[in-house]
Amino acid sequence: MSTHAKLTYEGKEYTLPVVEGTEGERAVDVSQLRQSSGLVALDPSFGNTAATESSITFIHGEEGILRYRGYPIEQVAERGRFTEVCYLLIYGERPSPEKLREFRKRLTYHTLLHEDMKKFFEGYPANAHPMAMLAAMFASLATFYPEESTAVDDNIARVIAKSKTIAAFAYKKSIGQPFMYPKNDLSWPANFLRMMFAVPSEPYEIPEVFEDALNLLLILHADHEQNCSTSTMRMVGSSEANLFASLSAAICALWGPRHGGANQRVIEMLEAIQEDGADLPGFLDKVKDKKSDVRLMGFGHRVYKNFDPRARILKRAADRIFNELGISDPLLELAKRLEETALEDPYFVERKLYPNVDFYSGLIYRAMGIPTSMFTVMFTLGRLPGWIAHWLEMKTDPSGYRIHRPRQIYAGPREREFDDRGTRHM
Ligand code: CMC
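Analysis parameters
Residues numbered from 1 in each chain as written. Predicted model: local features only at pLDDT ≥ 70, side-chain atom pairs only at ≥ 80, totals over all residues. Heavy atoms only, no water. Phe/Tyr/Trp six-rings, centres within 6.5 Å; stacked < 30°, edge-to-face > 60°. Helix = DSSP H or I, 4+ residues; strand = E, 2+ residues; numbered from the N terminus. Buried < 20%, exposed > 50% of the residue type's maximum accessible area, 1.4 Å probe, protein only. Lys NZ or Arg CZ within 6 Å of the ring centre and 35° of its normal. Patch = residues over 30% accessible without salt bridge, like charges linked within 9 Å, V, L, I, M, F, W, Y side chains within 5 Å. Areas by Shrake-Rupley, 256 points an atom, 1.4 Å probe, with all protein chains shown as cover. Salt bridge = Lys/Arg side-chain N within 4 Å of Asp/Glu carboxyl O. Domains from an automatic or database assignment. Contact = heavy atoms within 4.5 Å. Buried area = accessible area lost by both parts, 1.4 Å probe. Nonpolar A, V, L, I, M, F, W, Y, C, P; charged D, E, K, R; others polar. Pairing = 2+ DSSP bridges. Expected span 1.5 Å × (residues − 1). Axes fitted to C-alpha atoms, helices over the stretch in contact; angles between N-to-C directions. Near = heavy atom within 4 Å. Polar contact = N/O pair within 3.5 Å; in protein donor to acceptor, adjacent residues only side chain to side chain.

1. Topic: the packing of aromatic side chains
And then number 1: All told, the structure shown has 18 aromatic pairs when counted by the stated rule.
And then number 2: When the ring of Tyr145 is compared with that of Phe244, the centres are 6.4 Å apart and the planes differ by 45 degrees; the resulting orientation is tilted. Of this pair, Tyr145 sits in the loop between helix 6 (130-144) and helix 7 (152-175) while Phe244 sits in helix 11 (residues 243-255), and the two are 99 residues apart along the sequence.
And then number 3: Residue class for Phe244 comes out buried when judged on its relative accessible area of 0%.
And then number 4: Clustering of aromatic rings is evident, with ring pairs tying together Phe299, Tyr347, Phe348, Phe359 and Tyr360.
And then number 5: Positioned over the ring face of Tyr71 is Arg94, at 5.9 Å from the centre of the ring.
And then number 6: Positioned above the aromatic ring of Tyr347 is the side chain of Arg351, whose terminal nitrogen or guanidinium carbon lies 3.8 Å from the ring centre.

If you want it as structure tokens, here you go:
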């Protein structure tokens, strides 16, 4: 492999180092290019820019590969439990049984919300979107737990433990039911399900199939390298904003329909197609019409150009879960027909557009009784360990880190005079 690339510009040659990752990906290091040549790299939307070297997650978009710390997602999804995956992503290795017990204990210790935080929920309108509440609650954690360098591990445990309590309280608020407090002998997913669906006066048995399904969904969402919300987490963290503020910003980035908000939009799209008589070719015509702003939600990905391994796992899981529950959902059948129809259409084939993780996840959440407005919250709960892992990786980088500060190519007006138009008192 060549260790350098050469750039010729205005008769001068510049030598740029080539960096190779452990899976053979190569990048030209342009970090010193401006100093030597006066040129900066222009890459709108960062489609071809590696923002960092990272050891957390590997994706091969053409081959549909996703690995957490080297472990294939298929194996982690089949054999892992969410708490262990959190530890793996954040601390780099699988924990010993003793370390896992200790980690679980710390998560357990931190599941309660400060009673004063409960009052915040009272101020929101009943129809408030839970993502707005979640973002605000995460930022508010900073008012209760000031960031100190000695408390990093405690704050990480707090976030993972309290996130499910905050999410379940946001749901209870929206339906006007009393909050359920955590019950800490339960697993992370079971504890969440109980806080969501139990009511104080009634016994509640957590269906094992839901606990396992949620465990799977959380794991599949746990990390996805430098996506929009993770890049936001690193960006905000690079300014030395605290962990809670950085997470709140990442939550807001995830909320958008091109990112984590897509799972909510997929179900809304399927419902609309069904109401319109399930005319799939007619709907796809609208998607393909460049004058319309209709997109096939749950399809396409910046990195995957063959298939999204998470979508494959979820499609199979949806079938299994629906079988186990002995239920059927016409939207699942509609989704499968929509996928088949789209994958036979040259528009989607030529653009390499395939179902992504959001295409089938919502159907499973629906089967569990989780309302559509909570879907992106579910994505958030799963993605927390990934965001934290990236934040910690940046913070503990032995070579340090600088504030993230992209440059631009200015394309506005040249200098002009701001003349006095007598508007001083207007
Ligand atoms: N429906 C219709 N056309 C699409 C779609 C779609 N879902 N996705 C991409 N295209 C077209 C796009 O119009 C463009 O066509 P052309 O070359 O003719 O202009 C071409 O495919 C390339 O698309 P792009 O917009 O350059 O792709 P991107 O990498 O910028 O965007 C994406 C990726 C995920 C935002 C986009 O595919 C999309 O909006 N998908 C629907 C929303 C969605 O499902 N998001 C969840 C992503 S997976 C979960 C996560 O990690 O957030």
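Once you've had a look at it, read on.
2. Observations regarding a nonpolar patch on the surface
And then number 1: On the surface, Val40, Leu42 and Ile409 cluster together to form a nonpolar patch covering roughly 280 Å² of accessible area.
And then number 2: In this structure, Val40 sits in the loop between helix 1 (33-37) and strand 4 (57-60).
And then number 3: The exposure class assigned to Val40 is partly exposed, which follows from its relative accessible area of 30%.

3. Digging into the domain arrangement of the protein
And then number 1: The assigned domain composition of the protein is domain 1 (4-60) and domain 2 (71-253).
And then number 2: Each partner contributes to the interface: domain 1 provides five residues, whereas domain 2 provides six residues.
And then number 3: A per-residue breakdown of the area domain 1 buries against domain 2 is headed by Ile56, Thr57 and Ile59, which together make up 67% of the total.
And then number 4: Linking domain 1 with domain 2 are zero salt bridges, by the criterion used here.
And then number 5: Taken together, the residues of the side of domain 1 that touches domain 2 break down into two nonpolar, three polar and no charged.

4. Some thoughts on the sheet that holds strand 4
And then number 1: Here three strands make up an open sheet; going across it, the order is 4-5-6 and the pairing antiparallel. The open sheet is flanked by strand 4 and strand 6 (71-72), the only strands paired with a single partner.
And then number 2: Sheet topology note: the strand 4/strand 5 (residues 65-68) ladder contains four bridges and is antiparallel. For Thr57, the partnering residue across the bridge sits in strand 5 and is Tyr68.

5. Describing helix 14 (residues 309-325)
A turn of α-helix holds 3.6 residues, and therefore any two residues three or four places apart point the same way.
And then number 1: Relative to the 24 Å expected for 17 residues at 1.5 Å per residue, helix 14 spans 24 Å between its end C-alpha atoms, a close match to the ideal helical length.
And then number 2: Where helix 14 terminates, the next one or two residues include Gly326, which has phi positive at roughly 65 degrees.

6. A few points about the sheet that holds strand 2 (residues 12-20)
And then number 1: Taken together, the three strands give an open sheet; going across it, the order is 1-2-3, and neighbouring strands pair in antiparallel fashion. A strand with exactly one partner marks an edge of an open sheet, and here the two such strands are strand 1 (4-9) and strand 3 (26-28). The average undirected angle you get between the axes of adjacent strands in this sheet is 30 degrees.
And then number 2: As defined by bridge partners, strand 1 adjoins strand 2 across six bridges and the pair is classed as antiparallel. Of the residues in strand 2, the one forming a bridge with Lys6 is Thr15.

7. Overview of the site of the ligand
And then number 1: The full set close to the ligand counts 21 residues, and His259, Arg295, Leu296, Gly298 and Arg302 are the nearest of them.
And then number 2: Take Leu296: an N or O atom from its main chain is 2.8 Å from a nitrogen atom of the ligand.
And then number 3: At 2.7 Å, a side-chain N or O of Arg302 approaches an oxygen atom of the ligand.
And then number 4: About the coverage of the ligand: the protein hides 76% of its 920 Å² of free accessible area.
And then number 5: Taken together, the residues that form the shell around the ligand break down as nine nonpolar, six polar and six charged.

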